[in-house]
Amino acid sequence: MKKLLYTTIAAAVIAAPVTSVSANLYLNGTQVDALFYEDGAAKLGVRSFFEAAGYTIQWFDESLRVAAYDSEHTISMYAEKNYVFIDKTGFVTDDSVTFSDDGSLIMPLEAAQKSLNANIEFKNGDIYITSDMVHDQTGWEYEVLELTNKQRAEHGLDALIWNQDLAAAAEEHCIDMAERDYFDHKTPEGLSPFDRMKKLGITYIYAAENIAAGQPDPQSVVNAWMNSPNHRKNILNKNLKEVGIAYSRGGAYGIYWAQEFSTYK
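Parameters and conventions
- Residues numbered from 1 in each chain as written.
- Predicted model: local features only at pLDDT ≥ 70, side-chain atom pairs only at ≥ 80, totals over all residues.
- Heavy atoms only, no water.
- Helix = DSSP H or I, 4+ residues; strand = E, 2+ residues; numbered from the N terminus.
- Buried < 20%, exposed > 50% of the residue type's maximum accessible area, 1.4 Å probe, protein only.
- Lys, Arg positive; Asp, Glu negative; His and termini not counted.
- Salt bridge = Lys/Arg side-chain N within 4 Å of Asp/Glu carboxyl O.
- Polar contact = N/O pair within 3.5 Å; in protein donor to acceptor, adjacent residues only side chain to side chain.
- Contact = heavy atoms within 4.5 Å.
- 1 Å grid on protein atoms, 1.4 Å probe; cavity = no way out; pocket = protein on both sides within 12 Å on 5 of 7 lines; lining within 4 Å.
- Points joined across faces, edges and corners; volume = space filled by probe spheres on them.
- Nonpolar A, V, L, I, M, F, W, Y, C, P; charged D, E, K, R; others polar.
- Pairing = 2+ DSSP bridges.
- Phe/Tyr/Trp six-rings, centres within 6.5 Å; stacked < 30°, edge-to-face > 60°.
- Lys NZ or Arg CZ within 6 Å of the ring centre and 35° of its normal.
- Core = buried A, V, L, I, M, F, W, Y, C linked by side-chain atoms within 4.5 Å.
- Axes fitted to C-alpha atoms, helices over the stretch in contact; angles between N-to-C directions.

Colleague: Lay out the side chain of Arg152 in plain terms, naming residues and giving numbers.
Modeller: As for its placement among the helices and strands, Arg152 is situated in helix H3 (residues 140-154). No salt bridge is formed by the buried Arg152; the nearest opposite charge belongs to Asp158, separated by 6.5 Å. Here Asp158 takes part through its backbone oxygen, which lies 2.7 Å from a polar atom of the side chain of Arg152. In contact with Arg152, other than residues within four places in its own chain, are Leu157, Asp158, Ala159, Leu160, Ile235, Leu236, Asn237, Lys238 and Leu240.

So, in structure tokens, the structure goes:
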């Protein structure tokens, strides 16, 4: 099976910094570990904030640019610069995007506000950010399942049944790719999808795997798979009956996806 590549970039770490004061940050009502203070000013970790908002993060080393994108918009910022681009529209901020002492990229609150056209409130020392541009990522795996089964129905095939063991295998591989920064059906040790299934005690008559990287949401990744002959063949394989799906953020591509298919013995 061929690898499905979305984009190629240089990798960099944009880690969430540790909050240095007793304050909390809430994004559309959900607490997010992205807030800390620098020289008395509130700053946000770029990766942790935008990933919590449902955006995929990528770093471009040559231009010192970070991009947060979904299927409709790309938000760009540059290290040591005080402007933000949303698609082709630029906004100037009072403070610059900078690197923290641990090398993570941080931005002023104003950059977050302008990026997501957000409202910011301060209550009892806590910061509340609300925006209509935040994505609810709850159940994205099941949304991929629904979209996959829609494709099968259009071709007269039975729906795939969710299998939690296969979902665990998919999650394990996604996390491994993100944490060890590679993109392949085989692990760096050479374990194939079928080796990994057997290692988890999964037995099968038929089995297959789809992986993808960089697609920012369920519709995008299913579209990418359906536009790739080998991945499309797996989705429309009448011999495959069950599936598990997962995704994980991180690594050079920002987000990694996996579908594990099988027909159990």
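Structure's up, so let's keep going.
Colleague: Requested: an account of the layout of surface pockets, with residues and values cited.
Modeller: Approximately 170 Å³ is the volume found for the largest pocket. Leu27, Asn28, Thr30, Gln31, Val32, Ala52, Val134, His135, Asp136, Gln137 and Thr138 are the residues that line the largest pocket. For the lining of the largest pocket, a count of residues per class yields 4 nonpolar, 6 polar and 1 charged.

Colleague: Summarise the pairing of strand E13 (residues 126-130); cite the residues concerned and give the values.
Modeller: Note that strand E1 (residues 25-27) and E13 share 3 bridges and pair parallel. The residue bridging Leu27 from the neighbouring strand is Ile129, located in E13. Inspection of the sheet shows strand E12 (residues 119-123) paired to E13 by 5 bridges, in the antiparallel sense. Residue Lys123 lies in a different strand from E13, and its bridge partner there is Asp126. Here E12 hands over to E13 after 2 residues, with Asn124 in that stretch at a positive phi of 50 degrees.

Colleague: Please give an account of the packing of aromatic side chains that cites residues and values.
Modeller: As enumerated under the stated definition, the model contains 14 aromatic pairs in all. Their ring planes at 45 degrees and their centres at 6.4 Å tell us that Phe183 and Tyr256 sit as a pair that is tilted. Here Phe183, found in the loop between helix H4 (164-180) and helix H5 (193-199), pairs with Tyr256, found in strand E17 (residues 254-263); they are 73 residues apart in sequence, far enough to count as distant. Both residues of the pair, Phe183 and Tyr256, belong to the buried class. Taken together, a centroid distance of 5.1 Å and an interplanar angle of 35 degrees make the contact between Tyr247 and Trp257 tilted. Taken as a pair, Tyr247 in strand E16 (residues 242-250) and Trp257 in strand E17 lie far apart in primary sequence, 10 residues in all. Both residues of the pair, Tyr247 and Trp257, belong to the buried class. One residue, Arg65, lies across the ring of Phe60, its end atom 4.2 Å from the ring centre. Over the face of the ring belonging to Tyr128 we find Lys123, whose NZ or CZ atom lies 5.1 Å from the ring centre.

Colleague: Just give me the short version of the sheet that holds strand E2 (residues 30-31), but keep the residues and values in it.
Modeller: One open sheet holds the 4 strands; their spatial order is E2-E1-E13-E12, and the pairing between them is mixed. For this open sheet the edge positions go to E2 and E12, each flanked by a neighbour on one side alone.

Colleague: I'd like a description of the environment of Gly45, backed by residues and values.
Modeller: Relative to the helices and strands, Gly45 is located in strand E4 (residues 41-45). You can call Gly45 buried: its relative accessible area is 0%. When the C-alpha positions of Gly45 and Leu105 are compared, they lie 6.2 Å apart, and in sequence the two are 60 residues distant.

Colleague: Before we move on, can you summarise the nonpolar core with the specific residues and values?
Modeller: Core analysis: the biggest nonpolar cluster contains 33 residues, and Phe49, Phe50 and Met107 have the highest contact counts within it. Among residues more than four places away in sequence, those in contact with Met107 are Lys43, Leu44, Val46, Phe49, Phe50, Met77, Val97 and Ala112. Ranked by size, the runner-up nonpolar core spans 20 residues in total, among them Met226, Ile235, Trp257 and Phe261.

Colleague: Kindly report on the sheet that holds strand E6 (residues 65-69), identifying the contributing residues and their values.
Modeller: The 5 strands lie next to each other as E5-E6-E7-E8-E9, forming an open sheet whose pairing is antiparallel. If you trace the sheet from one side to the other, it starts and ends with strand E5 (56-60) and strand E9 (89-92), each paired once. Averaged over neighbouring strand pairs, the angle between their axes works out to 20 degrees when direction is ignored. By the bridge criterion, 4 bridges tie strand E8 (residues 83-86) to E9 in an arrangement that is antiparallel. Paired with Tyr83 across the two strands is Val92, which belongs to E9.

Colleague: Break down the pairing of strand E7 (residues 74-78) for me, citing the residues and quoting the values.
Modeller: Strand direction decides the pairing type here: E6 and E7, joined by 5 bridges, are antiparallel. Within E7, the position partnered with Ala67 by the bridge is Ser76. Counted along the chain from E6 to the antiparallel partner E7, the turn is 4 residues long. Here E7 pairs with E8 via 3 bridges, running antiparallel. Within E8, the position partnered with Ser76 by the bridge is Phe85.

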